[in-house]
Amino acid sequence: MSALTQPTRRILNPSGTNDSVQAQQYTKGELNIDQLHADPIKQFDIWFQHAQDEKVHQPETVTLSTAELPSGRVSARMVYLKEADARGFVIYSNWGTSRKSTDVASNPQAALTFWWHELERQVRIEGPCERMESEESQVYYDTRIRGSRVGAWASQQSKVLRDRAELEGQVADVERRFEGEEKIPVPEFWGGLRLGTSASREGLAGAASISCREYPTSSSPEEAGGVGELCVGGRSFIGGEGPPYMRRPSD
């Protein structure tokens, strides 16, 4: 390719600097093996409570990543984590027309990624997912304001609208359907998706792989005194054996 036809290469500078080489250094803390709980779900609870205590803005905000098969096309979107317990991590959405619904139908593997800027901490969760039963989704659905419950019925997520009037007409139709009724049933195409922890992944204890990354200020994790990437449920860690969900799978 000649110099005249080469595309312009744009290098994005670190935020707030004019330096294209030196990235921001993350120095707010370190993560060591002896700080981690043996149960990955309880460890997440500790991290999440810490985020709340430190006033992280909406720490439940998370990126849900899915991939369609057989094409392998990956898509991601921001959602809210609504529940987390020993069974897994739950988000709620439309599973009738959305892009993520077709992804999950062909490939029931997903990933959640939290970024808590105030703590300089990233947490990743990977594993199999499944739709929740309508009865269980109804419990959460009933806590939503009426407008949100009506909107769940009216919205055909990921579908193209002719104009705003079309959407407003769909909302009006649902309002007429449930006029005078406070108890609105959860739509069959809407509900919870649980990224579960019931099966093993790569020989590890627990299906959901939970990772935390804290960034070193030196060239190697060892020099950084234990700061670096710790894959909780993954295959790399720094120093010591760690709890079972951190150990490498046997060869």
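Residues numbered from 1 in each chain as written. Predicted model: local features only at pLDDT ≥ 70, side-chain atom pairs only at ≥ 80, totals over all residues. Heavy atoms only, no water.

- Labelled according to an unreviewed UniProt entry, the protein appears under the name pyridoxal 5'-phosphate synthase, originating from Friedmanniomyces endolithicus.
- Database annotation for the protein, UniProt heading Cofactor (unreviewed entry): "FMN". (UniProt positions renumbered as here; feature names shortened; annotations may be inferred.)

1. Description of the overall build of the protein
(1) Moving on: Counting its regular elements, the protein contains five helices and nine strands.
(2) Moving on: For the protein, the share of sequence-separated contacts (at least 6 apart) that also reach a separation of at least 24 residues comes to 62%.
(3) Moving on: Just so you have it, the protein exposes about 14,700 Å², and 50% of that area is on carbon and sulfur atoms. (Helix = DSSP H or I, 4+ residues; strand = E, 2+ residues; numbered from the N terminus. Contact = heavy atoms within 4.5 Å. Areas by Shrake-Rupley, 256 points an atom, 1.4 Å probe, with all protein chains shown as cover.)

2. Quick word on the packing of aromatic side chains
(1) Moving on: Under the definition given, this model contains twelve aromatic pairs.
(2) Moving on: Aromatic side chains Phe 48 and Trp 116 sit 6.1 Å apart centroid to centroid with 70° between the ring planes, which places their arrangement in the edge-to-face category. Note that Phe 48 is positioned in helix α1 (residues 40-53) and Trp 116 in strand β5 (residues 109-116), a separation of 68 residues in sequence. Judged on exposure class, the residue Phe 48 and its partner Trp 116 are both buried. (Phe/Tyr/Trp six-rings, centres within 6.5 Å; stacked < 30°, edge-to-face > 60°. Buried < 20%, exposed > 50% of the residue type's maximum accessible area, 1.4 Å probe, protein only.)

3. Digging into the side chain of Arg 194
(1) Moving on: Considering the arrangement of structural elements, one finds Arg 194 in strand β7 (residues 190-196).
(2) Moving on: Side-chain polar atoms of Arg 194 contact the side chain of Glu 136, separated by 2.9 Å. (Polar contact = N/O pair within 3.5 Å; in protein donor to acceptor, adjacent residues only side chain to side chain.)

4. Digging into helix α2 (residues 99-106)
(1) Moving on: Every buried residue of α2 is accounted for by Lys 100, Ser 101, Asp 103 and Val 104. Seen from one end, α2 has its buried residues packed into an arc of 160°, which puts them on one side.
(2) Moving on: Where α2 is buried, its residues contact β1 (61-67), β2 (74-80), β4 (88-94), β6 (121-131) and β7. (Arc of directions from axis to C-beta.)

5. A few points about α1
Along an α-helix, residues three or four apart share an orientation, since each turn contains 3.6 residues.
(1) Moving on: For α1, spanning 14 residues, the distance from its first C-alpha to its last is 20 Å, which sits close to the expected 20 Å at 1.5 Å a residue.
(2) Moving on: Pro 40, Ile 41, Gln 43, Phe 44, Trp 47, Phe 48 and Ala 51 are the residues of α1 that are buried. Down the axis of α1, the buried side of the element spans an arc of 155°, and every buried residue falls inside it.
(3) Moving on: Structurally, the start of α1 carries an N-cap: the backbone nitrogen of Ile 41 is 2.8 Å from a side-chain oxygen of Asp 39.
(4) Moving on: Phi turns positive one or two residues past the end of α1, at Lys 55, with a value near 60°. (Expected span 1.5 Å × (residues − 1).)

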